[in-house]
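A structural walkthrough
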Amino acid sequence: MKPKSKRTRKSCAKAAPAERGNLYDLRLYVAGQTPKSLAAFANLKALCDVHLAGKYRIEVVDLIKKPQLARDDQIIAIPTLVRRLPQPIRKIIGDLCDRRQTLIGLELSDKIEDKSS
Amino acid sequence: MNRRKSVTKNRSLSKSPTGIPGLDEITNGGLPKGRPTLVCGSAGCGKSMLGVEFLVRGALEYDEPGVLMTFEELPEDVITNARSLGFDLDQMVAKKQLFLDYVRVERNEIQETGEYDLEGIFVRLNYAIESIGAKRVVLDTIETLFTGLTNAAILRAELRRLFNWLKEKGVTAIITGEKGDGTLTRNGLEEYVSDCVIMLDHRVVDQVSTRRLRVVKYRGSTHGTNEYPFLIGETGFSVLPISSLSLAHDVTNERISSGIPRLDAMLGGRGYYRGSSILVTGTAGTGKSSLGAYFVEAASRRGERSLYFAFEESPQQIVRNMRSIGLNLEPGINKGLLQFHASRPTLYGLETHLAVMHKQIQEFKPRVVVIDPISNLINTGSVNEVRSMLLRLVDFLKSEKITALFTSLSSQGDNSLEETEVGVSSIMDTWLLLRDIELGGERNRGIYVLKSRGTAHSNQIREFLITSKGIDIRDVYVGPDGVLTGSMRLAQEARERAEKLQRQLEIGSKQHKLERRRAALEAQIAALRAEFDAEETEVSRELSQENQLVKQLEMDEVAMERSRRSDKAAEPRNGHKRLM
């Protein structure tokens, strides 16, 4: 359950020692510090802080440094956010600027309703 | 062989040979080196196979490792498929000759939000290329991205970037694309990959399918523009270039036996020219196949390889049937000198037949080829197609100095006998015509040499006998009653023999008679001579008696005169004379 900090450049493991089932294990794949990647990270972090406070963990993987992971994890687009936990695996590509779409991607659609109501 | 030539010819554009038989000839040396090539075609036309073989041959034959990035097929499937063509991809991966990467694009797994790029693919490709030092890349089929990702604008921009990036990398790439409606590819990849476009096609005409390949465009290079048939066979891809038709084959004066001494005699005494094409036409059951079988058997006995393409009978059937006429093909088969290749003409299209034959011939390298019969191929295409296919085949065989015997069934009827249904007689060097001669209530076979280029050949019809001891060619009876064959010839011959015998008997008896007459005459002469001899002796005896008598008388006279003391004693002679 330890964050794999050595793999990440800007690892941001904000995971609280939350209960296992509720933990959101997220991994953001980037390739260098491109504006899109930075935007994606910022958007993701903002979203998680609002909707998943205390029960998420974000790991940033830079494919420039670890190119073989692109193959192993089936990454096509950059940036790609992978929800590794809870199962099943979900992939969201793009800079995550559309929070609604991102929430749908993370299967957190109920949060959208909360917000609108 | 063409490769060398083209390399010098196109010094400006270096090429990356595919190693695929035929394709390098069409493209004058291969795909543009360091540039992407688009291979498009409909589903199942062989795009992926072309890509795989490009990589495999590149790695094995040209020492250029390759990356295969698949978007549809799983690596395990690719490996299994390639194994059926005799390529061991597992081993190549282990030897770092090949890098397999499967890109899974599942729309329902992916949520898109906002801006993104395809850097992930770039990273993966770059990693793959760097890790084995790849010179070749195949992307199969990158268009799948369009079904997995919705933002076409991004995709297009990224694909353009990808292809430029590949060029910068200096890898020779094949990008496959599914054929679209009225466009080369469904998503217009041809806009981005424009150096070389190869189109594959899988067409079905009259329930027979043929694979074809066409180089649609090739910037900066000459290339064959026709549609070329190709095959995906047991040893991979092979394209059959339509022959150059240059009519510049080397010729030889070497002659080879047809297997039938008498037929060799009809062909100027020494048989066919090596490397010539022989056409045997005839109606059903005239022995065309037997001539073919004799020819290959003779080749086996000379220790030459021969290949027999049978479109009507199975090899076993041919062997059995030939044994019934006293021809044993088995020694040749057992020694590996004779190979049969039997298939139904309708099994595949004409082009595929041609490609199959091409391939078999190149693999087996025979000196003699028999195709029995070509007339059946007409079922699989139009007359024109068949003719052009045969022309190409004949051309190819001639360039390889292979002597080929084609049989063709002519339909019954007088006029069609001297023309083949597929109209190929003009491209043949020797044309043997077998025909039925119906006479006296039976059919017999006759054989003519209709034409034979470059040989002083017999212009006579011969009777062609197929017996349990083999083929026999006999003179036919040409007499006042016309040409006679079969039992009529036998009857006529018997009649002639009888007449001859009769005449001989008559001559004998005449001679005997003469002998007897001579004997009689001689006997007569002898008798007369004996009579004459007797007479002669009688006469001479009488004569000597007479002489003695005269002498006696004279003596008596002298004695008397002496006794009378006559004065006449002084001149006895005169006195005697007077007395006389």
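The structure presented is a predicted model; accordingly, all values stated were derived computationally and were not measured. (Residues numbered from 1 in each chain as written. Chains lettered and ligands numbered in written order. Predicted model: local features only at pLDDT ≥ 70, side-chain atom pairs only at ≥ 80, totals over all residues.)

This brings us to the confidence of the model for chain A. When the pLDDT values of chain A are averaged, the result is 74; 76% of them are 70 or greater. Predicted confidence is poor over residues 1-19 of chain A, with pLDDT under 50, and the contacts of this stretch with residues over four places away or in other chains come to 33 contacts. (pLDDT = per-residue confidence, 0-100. Contact = placed C-beta atoms within 7 Å.)

All names here are of chain B. Read across the sheet, nine strands follow the order 17-16-18-19-15-20-21-22-23 without closing on themselves; strand pairing throughout is mixed. Both edges of this open sheet fall to strand 17 (338-342) and strand 23 (470-475), since each of them pairs with a single strand only. For this sheet the average axis-to-axis angle between neighbouring strands, irrespective of direction, equals 20°. Bridging between strand 16 (residues 306-310) and strand 18 (residues 368-372) involves five bridges; their strand directions are parallel. Looking across to strand 18, one finds that Ala-310 is bridged to Asp-372. Sitting on the sheet, helix 14 (residues 383-399) is in contact with strand 15 (277-282), strand 18 and strand 19 (403-409), with an inclination near 140° to strand 15. (Pairing = 2+ DSSP bridges. Helix = DSSP H or I, 4+ residues; strand = E, 2+ residues; numbered from the N terminus. Axes fitted to C-alpha atoms, helices over the stretch in contact; angles between N-to-C directions.)

Moving on to the confidence of the model for chain B. Parts of the model with low pLDDT should not have their predicted coordinates read in detail. Residue and element names in this part refer to chain B. Taken over all residues, the pLDDT of chain B has a mean of 83, while the share at 70 or more is 90%. Taken element by element, chain B is modelled with least confidence in helix 1 (residues 2-9), mean pLDDT 44, and with most confidence in strand 4 (residues 66-70), mean pLDDT 92. This model gives residues 1-10 a pLDDT under 50, and the stretch forms 13 contacts once residues within four places in sequence are excluded. Interface scoring of the predicted complex returns ipTM 0.79; its pTM is 0.65.

This next bit is on the interface of chain B and chain A. Contact with chain B, which involves 21 residues of that partner, is made by 28 residues of chain A. Broken down by secondary-structure element, the contributors of at least two residues to the side of chain B that touches chain A are strand 6 (110-112) and helix 6 (119-132) of chain B. Considering every element that reaches the side of chain B that touches chain A, the biggest residue donor is helix 6 of chain B, with seven residues. Residue composition of the side of chain B that touches chain A, by class: eight nonpolar, five polar and eight charged. (Nonpolar A, V, L, I, M, F, W, Y, C, P; charged D, E, K, R; others polar.)

On to the nonpolar core, then. In terms of nonpolar packing, the biggest core is built from 161 residues, with Leu-28 of chain A together with Val-137 of chain B touching the most fellow members. Among the domains, domain 1 (2-239) and domain 2 (255-475) of chain B are the pair contributing at least three residues each to this core. Dropping the residues within four chain positions of it, Leu-28 of chain A is found in contact with Ala-40, Phe-41, Leu-44, Ile-58, Val-60, Pro-79 and Leu-81 of chain A. (Core = buried A, V, L, I, M, F, W, Y, C linked by C-beta atoms within 7 Å. Buried ≥ 20, exposed ≤ 12 C-beta atoms within 10 Å, placed from the backbone. Domains from an automatic or database assignment.)

It is worth spelling out the pairing of strand 22 (residues 462-467) of chain B at this point. Walk down a regular strand and you will see the side chains alternate between the two sheet faces. All names here are of chain B. One ladder, built from two bridges, connects strand 21 (residues 442-452) with strand 22; its direction is antiparallel. Across the sheet, residue Ile-447 finds its bridge partner in strand 22, namely Arg-462. Looking at chain direction, strand 22 and strand 23 are connected through six bridges and run antiparallel. By the bridge assignment, Ile-466 is partnered in strand 23 with Ile-471.

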